[in-house]
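Structural overview for review
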Amino acid sequence: MRFGRFRPFAKQKAGAPVVDVACDWTGRWVAAVTGGTLPTFRERKLLATIAHEGNRMVHVSEDGSRVVLVAFDGLHCYDLWGNPKWTYATGQDIHDVALQPDGTGTLVAEGERLLLLDSQGEVRWSAAMDGFVGGVALAGDRCLAGLERSVRCLDRDGKQLWELRTGQLVRGIVADERYVVCSSGKRIYCLTAAGKLL
């Protein structure tokens, strides 16, 4: 089968190489990061360009209310118009973050700790994970963390609900109210929300 030439639906100049990009669930609200800026867009129109150095990744809440910028100096939360909401400074490397759909909570993989920030960027709880924390996900009232040799599920208060040993680092996790899918080494694990293998 041959495919014709690809024609992008839309393209937008960012002014520098893009490090990461994210959008809300509709694709209308978009944030991109370059090494020194965070431009935000709504339906391809530039809303704001925030100057910040050392940018690594960006996440947009599903409802488009919050943008969380992960940089070498910590986390920075803005609305799509570039107004700062909060900052969480860290001396640790942040490997991943996950946002509540409405932006009211942020789960953070910080070094060997997992922490949940509230809507103001204050730490609700923090838990040592006995090793590197890779990928993270939020699903309803559950917090999921990919660890060096397992995936662990905690409740919204930081209490462990279950853990599945995988034998290798878990970096990618996606979850919803019913299922959890994660990758570890050369395997993909599909589980119920209660941690049972399918």
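Here is a short report on the structure shown in this document. (Residues numbered from 1 in each chain as written. Predicted model: local features only at pLDDT ≥ 70, side-chain atom pairs only at ≥ 80, totals over all residues. Heavy atoms only, no water.)

A look at the pairing of strand E16 (residues 160-165)
- Direction of pairing for strand E15 (residues 150-155) relative to E16: antiparallel, over a ladder of five bridges. In the sheet register, Leu154 faces E16, and the bridge partner there is Gln160.
- Counted between consecutive antiparallel strands, the loop separating E15 from E16 contains four residues, among which Gly158 sits at a positive phi close to 90 degrees. (Pairing = 2+ DSSP bridges. Helix = DSSP H or I, 4+ residues; strand = E, 2+ residues; numbered from the N terminus.)

Topic: the sheet that holds E16
- Taking strand neighbours across the sheet as the criterion, the four strands line up as E13-E14-E15-E16 in an open arrangement whose pairing is antiparallel. Of all strands in the sheet, those bounded by a partner on one side alone are strand E13 (133-139) and E16. Strand-to-strand twist in this sheet, taken as the mean axis angle between neighbours without regard to direction, amounts to 15 degrees. (Axes fitted to C-alpha atoms, helices over the stretch in contact; angles between N-to-C directions.)

Re the layout of surface pockets
- In this structure, the largest pocket occupies an estimated 450 Å³ of space.
- Every residue lining the largest pocket is counted, 23 residues in all, and those nearest its centre are His59, Glu62, Ala98, Leu99 and Leu138.
- Within the residue set of the lining of the largest pocket, elements represented by two or more residues are strand E1 (18-23), strand E5 (55-60), strand E9 (94-99), E13 and strand E17 (170-175).
- For the lining of the largest pocket, the residue count by class is 16 nonpolar, four polar and three charged.
- Approximately 250 Å³ is the volume attributed to the second largest pocket.
- If you go around the second largest pocket, you meet 15 residues; those closest to its centre are Lys11, Gln12, Val30, Phe41 and Arg44.
- Looking at the lining of the second largest pocket, the elements that each hand over two or more residues are E1, strand E2 (29-34) and strand E3 (37-42).
- Grouping the amino acids of the lining of the second largest pocket by side-chain chemistry returns seven nonpolar, two polar and six charged. (1 Å grid on protein atoms, 1.4 Å probe; cavity = no way out; pocket = protein on both sides within 12 Å on 5 of 7 lines; lining within 4 Å. Points joined across faces, edges and corners; volume = space filled by probe spheres on them. Nonpolar A, V, L, I, M, F, W, Y, C, P; charged D, E, K, R; others polar.)

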